[in-house]
Amino acid sequence: MNIGLMAHDSKKKLMQNFCIAYRSILSKNTLYATGTTGRLIEEVANLNIHKYLAGHLGGEQQMGAQIENNEIDLMIFLRDPMNPKSHEPDVKNVFRLCDIHNIPLATNLATAELLIKALDRGDLEWREIYKI
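The paragraphs below set out a description of the structure included in this document. What you see is a predicted model; the values in this text were computed from it and never measured.

**Observations regarding the packing of aromatic side chains**
What describes a pair of aromatic rings is the distance from one ring centre to the other and the angle between the planes of the rings. Here the structure, examined in full by the defined rule, presents three aromatic pairs. On the numbers, 6.3 Å between centres and 20 degrees between planes, the contact of Y32 with Y52 is stacked. Taken together, the residues span a long stretch of sequence, with Y32 in strand 2 (residues 30-33) and Y52 in the loop between strand 3 (49-51) and helix 4 (59-68) at a distance of 20 residues. An angle of 55 degrees between the planes, with centres 5.5 Å apart, marks the rings of F77 and F95 as tilted. Note that F77 is positioned in strand 4 (residues 74-78) and F95 in helix 5 (residues 88-100), a separation of 18 residues in sequence. Each member of the pair, F77 as well as F95, is classed as buried.

Structure follows, in structure tokens:
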């Protein structure tokens, strides 16, 4: 499965810890991330990640294009709802595209854990059929 990973600045440490905790599951999949988030995850979790540009420099649009092409099966975007970013419309576009293309999306740790455990159980295998 192809997993997209994004995190606002205040959630990057949480994303690192999440990836450390679920490294064994994540390592069995192909990971994509915006630049800074991907680099930080690689540094601590020893995972291979395809990195785009930093989110505010176009990485969110690059991730959005991959979602539009149905090339992401699961999206984890740990966001900070209390501190909106100047590029917030790009962020909302990722959410909208996930909804349009039926891609499971987690925006907080609780949902991310549920989805990653579901992935490990095989509950997301329907994505393979959906992509045909």
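**Observations regarding the pattern of salt bridges**
Working definition: two side chains of opposite charge can pair if their charged atoms are close together. Counted according to the given criterion, the structure contains six salt bridges. Note that K51 and E42 form a salt bridge whose closest N and O atoms lie 2.8 Å from each other. Across the pair R127 and D73 runs a salt bridge whose closest N-O atoms are separated by 3.2 Å. Taken together, the residues R127 in helix 7 (residues 126-130) and D73 in the loop between helix 4 and strand 4 connect sequence positions 54 residues apart. For the pair shown, R127 and D73 are each scored as buried.

**Digging into the sheet that holds strand 2**
Spatial ordering of the open sheet is given by 3-2-1-4-5, a layout of five strands whose pairing is parallel. Each edge of the open sheet is held by one strand with a lone partner, namely strand 3 and strand 5 (105-106). One ladder, built from three bridges, connects strand 2 with strand 3; its direction is parallel. The partner of A33 across the bridge, within strand 3, is K51. In this fold helix 1 (residues 12-21) packs onto strand 1 (2-7) and strand 4, with an angle of close to 150 degrees to the strand it touches most, strand 1. Across the face of the sheet, helix 6 (residues 109-121) comes into contact with strand 1, strand 4 and strand 5 while running at roughly 155 degrees to strand 4.

The rules behind each value
Residues numbered from 1 in each chain as written. Predicted model: local features only at pLDDT ≥ 70, side-chain atom pairs only at ≥ 80, totals over all residues. Heavy atoms only, no water. Phe/Tyr/Trp six-rings, centres within 6.5 Å; stacked < 30°, edge-to-face > 60°. Helix = DSSP H or I, 4+ residues; strand = E, 2+ residues; numbered from the N terminus. Buried < 20%, exposed > 50% of the residue type's maximum accessible area, 1.4 Å probe, protein only. Salt bridge = Lys/Arg side-chain N within 4 Å of Asp/Glu carboxyl O. Pairing = 2+ DSSP bridges. Contact = heavy atoms within 4.5 Å. Axes fitted to C-alpha atoms, helices over the stretch in contact; angles between N-to-C directions.

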